[in-house]
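# Commentary on secondary and tertiary structure
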Amino acid sequence: MAYNRAMLSAGRTVNVGKRVLVRRTLHAFALLMLLLSALAGCKSSTITPAASTGTRTSTPTTQTTKTAAHTESAAPSIQAPSATALSVPEAGATASPMPTADISATPASAPPATAQPSPQDGATPEATVAPTTEPTTEPTAEPEGVSAWWDEISINTYGYDAALFTDATLPYPQLDHTLVTPPEMRVYRVLHLTNSVIELTFMPDLGGRLYQIRFLPTGQELLYNNTVIKPSHWGPAEQGWWLAAGGIEWCLPVEEHGYLSAEAWEASLSMSADGSATVTLYNIEKTRNIQVTVQVRLRPGSSAVQVRSTLYNPNAETKSLQYWINAMLSPGADSVSNGLRFVVPSSSVLVHSSGDANLPTAGAVMPWPFYDGRDLSYYSSWQNWLGFFGYNMEASFSAVYDEFTQIGMVRAYPADIARGVKFFGPGSEFPEVGDYTDDGSKYVEMWGGLTPTFWDYAELAPGASVSWEETWWVTAGGGTPVAANAELALAAQREGDALAIGLMAADPGAWRIRISSGSEQLVDQIVQVSPQAAYRERYPLAAALGGHKLFIEVLDANDQAVLSYTLT
């Protein structure tokens, strides 16, 4: 689906129609390597991207964010084996700094995340597994700096330009679908950023979108890329069209995909002394004269993409608007697979729309993930399209993970500002695939927004701005997360008489895993985790443990809790 970037060089284009065979070959090879690594009990080495002859700039590291610990309650014992690791410049304008001010939105802010109850105070637990003094694997060398270069790609594109028109009702083009002509190859300029773990590809002239994220150790791609650029009938009703080109798009000032997802954005590149690189994307929304700046930062050796969004109102009057980030995903495959899982830390969701007559209609609150005997966290259970908001989130993250391709993506965000969480996907019986593509491929959408739903608008006061940073990062080889933040993702589930654990990290590091049941500490172990090598272990449970709750805590090198989860 996405073009083979190892073939790219400056001034050279790649026919997207040849991408599928290359990608499927890479995918099959990647899964074979993961299986061999698991059988051998070893981790894979860091793989650097294939060299390109295009012009690159590079430089020589990281910072992390901590979240508060959660805690839990009582019961018996677990037997733990030793740990094993599973491998698995072209310039543009930038916006000047803007004054920051508070904004208000309707309705009031989303409820805070709920903390887990604490274990019994005063207890002195005895560990079944003694703390290890050294990480289970050797730390990796200092990562090299991020590289960047401009290039071009060719994509089969329908002739929609001549069918566009504007009138007095809207400064953005509308589309006469009857005048759209058959597809022809069109060249698009792209900007690449790469470190030793992931490669980012931007397409500034088509919505400023982050077009692709490729996980270099396996060659797998996270974002859906349509094999053809084809105008659909979706999008804002007043425009009447939208391009399901794929990637991550920046959507404003109205609900859904907004007006700017097919507009050209100004793009500039900056390199930092710590080896990181930042792409700054800039636009001025014409209906409200709102200045939007999106800064996308990549650090050396990290699978995390840091996205800072800034909206500034230079007008003399308050402006009402929405802003959403929409990621179109098909992790590790050309089309979303039935192995995909949705991770929404909430007991209920708010339905936006549905084509499934067996599910609640728009505006209804629906239990999550189980409804009428179906586990909706599995994409395979979706019959027709479904869109819903995570309006009552219990933690500040959402995620997808494909259990077939063993790769996924986490979004970690500041819930006090970015209050919107949304998912959408066409299910197995979706009838309108041909409206946006010619090859029958499908994708799912993971959204993050300034407002809680598409039915809410934020108010930006005169001279005010709002700015926040969220992290989108690649998870691989560790399983479907039950808890995550900007640094770590934890997979945990009971498997018969055992506890299966997976720990994935956005950056290399040593982490202490503690597992307890009530006042009894069961596991205390230091493990080394990197984006290329998730930690996985299966701990046999003592028969006396039964159905008691397990409290899992991950701590950093300073013994500060970074992530925790209670498994019931």
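Look up a bit, the structure's there.
These figures come from a predicted structure and were not determined experimentally.

So, how was this worked out
- Residues numbered from 1 in each chain as written.
- Predicted model: local features only at pLDDT ≥ 70, side-chain atom pairs only at ≥ 80, totals over all residues.
- Heavy atoms only, no water.
- Pairing = 2+ DSSP bridges.
- Helix = DSSP H or I, 4+ residues; strand = E, 2+ residues; numbered from the N terminus.
- Axes fitted to C-alpha atoms, helices over the stretch in contact; angles between N-to-C directions.
- Salt bridge = Lys/Arg side-chain N within 4 Å of Asp/Glu carboxyl O.
- Buried < 20%, exposed > 50% of the residue type's maximum accessible area, 1.4 Å probe, protein only.
- Core = buried A, V, L, I, M, F, W, Y, C linked by side-chain atoms within 4.5 Å.
- Contact = heavy atoms within 4.5 Å.

## Let's talk about the sheet that holds strand β37 (residues 520-529)
- The strand order across the open sheet built from 4 strands is β37-β36-β39-β40, with neighbouring strands paired in antiparallel fashion. Edge positions in the open sheet fall to β37 and β40 (561-567), since each of these has one partner strand only. Along the sheet, successive strands turn relative to each other by an average axial angle of 15 degrees, direction set aside.
- Pairing geometry for strand β36 (residues 509-517) and strand β39 (residues 550-555), over 5 bridges, is antiparallel. Bridge pairing in β39 places I515 opposite I552.

## As for unusual backbone geometry
- The amide bond that connects L252 to the next residue, P253, takes the cis arrangement and shows omega of 0 degrees.
- By the secondary structure assignment, P253 is in the loop between β14 (247-251) and β15 (266-271).
- The omega torsion of the bond from W368 to P369 falls at 0 degrees, within 30 degrees of zero and hence cis.
- Tracing the backbone shows P369 in the loop between β23 (365-367) and β24 (370-371).
- Although it is not a glycine, E256 adopts a positive phi angle of roughly 60 degrees.

## Concerning the pattern of salt bridges
- Overall, the coordinates contain 16 salt bridges when judged by the stated rule.
- Between D161 and R186 there is a salt bridge, and its shortest N-O distance comes to 3.2 Å. Of this pair, D161 sits in the loop between β4 (147-159) and β5 (164-167) while R186 sits in strand β7 (residues 181-194), and the two are 25 residues apart along the sequence.
- By relative accessible area, D161 is classed as partly exposed at 42%.
- A salt bridge links K230 to D438; the shortest N-O distance between them is 2.8 Å. Of this pair, K230 sits in the loop between β11 (228-229) and β12 (231-232) while D438 is found in the loop between β29 (420-425) and β30 (444-449), placing the two residues 208 residues apart along the sequence.
- Here the residues in one salt-bridge network are R512, R514, D524 and D559, joined through shared partners.

## As for the nonpolar core
- L200, I213, W250, L311 and Y323 are the most contacted members of the largest nonpolar core, which totals 73 residues.
- With near-sequence residues (within four places) excluded, Y323 lies in contact with W250, C251, L252, V292, V294, S309, L311, G448, G449, L450 and W468.

## Some words on the sheet that holds strand β28 (residues 407-412)
- Sheet architecture is open: 8 strands sit in the order β15-β16-β17-β18-β32-β28-β27-β21, paired in antiparallel fashion. Edge positions in the sheet fall to β15 and β21 (340-343), since each of these pairs with one other strand and no more. Mean inter-strand twist for the sheet, computed between neighbouring axes without regard to direction, equals 15 degrees.
- One ladder, built from 4 bridges, connects β21 with strand β27 (residues 397-402); its direction is antiparallel. Following the sheet pairing, L340 is matched in β27 by D402.

## Examining the environment of N338
- As for its position among the elements, N338 is in the loop between β20 (324-329) and β21.
- Separated by 40 residues in sequence, N338 and Y378 place their C-alpha atoms 7.4 Å apart.
- Residues within four places of N338 in sequence aside, it is in contact with Y379, S380 and F404.

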